[in-house]
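Here is how the chains run, residue by residue.
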Amino acid sequence: NAVIKKEKNTNRNFLSWKTNYLKYENKTLREILPELERHYNIKLKPENATILNCRFTGEFKNITLQEALDIIEFGLNTSFQKSGDEYIIKGKGCE
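Everything numeric in this text was worked out from a predicted model, so none of it was measured. (Residues numbered from 1 in each chain as written. Predicted model: local features only at pLDDT ≥ 70, side-chain atom pairs only at ≥ 80, totals over all residues. Heavy atoms only, no water.)

1. Focus on the overall build of the protein chain
- Across its full length, the protein chain carries three helices and five strands.
- In sequence order, the secondary structure elements of the protein chain are arranged as α-β-α-β-β-α-β-β.
- Considering the protein chain as a whole, with its 95 residues, one finds that 35% of them fall into the buried category.
- As displayed, the protein chain has an accessible area near 6,900 Å², and 49% of this comes from carbon and sulfur atoms. (Helix = DSSP H or I, 4+ residues; strand = E, 2+ residues; numbered from the N terminus. Buried < 20%, exposed > 50% of the residue type's maximum accessible area, 1.4 Å probe, protein only. Areas by Shrake-Rupley, 256 points an atom, 1.4 Å probe, with all protein chains shown as cover.)

Listed below in structure tokens is the structure:
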């Protein structure tokens with residue numbers, strides 16, 4: 001028999017599709033990008049793997065994709081370039 005187990009979801013951004021609110025505290029881009037991809041229905045691709053190590057703290061409430069990308073660009077000294085149906089993240093990266 002299959003067992004169903006109920007667990008509390010600890011991801012504060014789980015309902016972002018409904019609340020239109022995302023919050024991050026010292027999270028790596030490796031953790032953030034999948035949530036942004038789901039929330040905005042886009043594909044984000046780092047130019048190099050060290051970009052995924054960069055940490056970000058901030059919150060997005062009722063903002064557009066472009067506003068979110070602008071905030072990340074400013075906070076992490078990166079840039080986003082649209083290429084076809086995805087966005088390439090460019091920058092030096094972090095150790």
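2. Side note on the pattern of salt bridges
- If you walk through the whole model with that rule in mind, you get three salt bridges.
- Its salt-bridge partner being Lys43, residue Glu37 comes within 3.7 Å of it at the nearest N-O pair.
- Judged by relative accessible area, which is 43%, Lys43 ranks as partly exposed.
- Between Glu47 and Lys90 there is a salt bridge, with the nearest N and O atoms lying 3.8 Å from each other. With Glu47 in the loop between strand E2 (43-46) and strand E3 (55-61) and Lys90 in strand E5 (residues 86-90), this pair connects stretches of sequence that are 43 residues apart. (Salt bridge = Lys/Arg side-chain N within 4 Å of Asp/Glu carboxyl O.)

3. Topic: helix H3 (residues 65-76)
- Across its 12 residues, H3 extends 16 Å between first and last C-alpha, which sits within 8% of the 16 Å expected from 1.5 Å per residue.
- Of all the positions in H3, only Leu65, Ala68, Leu69, Ile72 and Leu76 are classed as buried. Across the axial projection of H3, the buried residues extend over an arc of 95°, all falling on one side.
- Buried residues along H3 sit against helix H2 (29-40), E2, E3, strand E4 (79-83) and E5.
- Of the residues flanking the end of H3, it is Asn77, one or two places downstream, whose phi is positive at about 55°. (Expected span 1.5 Å × (residues − 1). Arc of directions from axis to C-beta. Contact = heavy atoms within 4.5 Å.)

4. Some thoughts on the sheet that holds E2
- Spatial ordering of the open sheet is given by E2-E5-E4, a layout of three strands whose pairing is mixed. In this open sheet, the two strands that pair with only one neighbour each are E2 and E4. Neighbour-to-neighbour, the strand axes of this sheet turn through a mean angle of 30°, independent of strand direction.
- In this sheet, E5 lies alongside E4 in antiparallel orientation, the contact comprising five bridges. Note on E5: the bridge partner recorded for Phe80 is Ile89.
- In the packing of H3 onto the sheet, the strands contacted are E2, E4 and E5, and the crossing angle to E4 comes to about 140°. (Pairing = 2+ DSSP bridges. Axes fitted to C-alpha atoms, helices over the stretch in contact; angles between N-to-C directions.)

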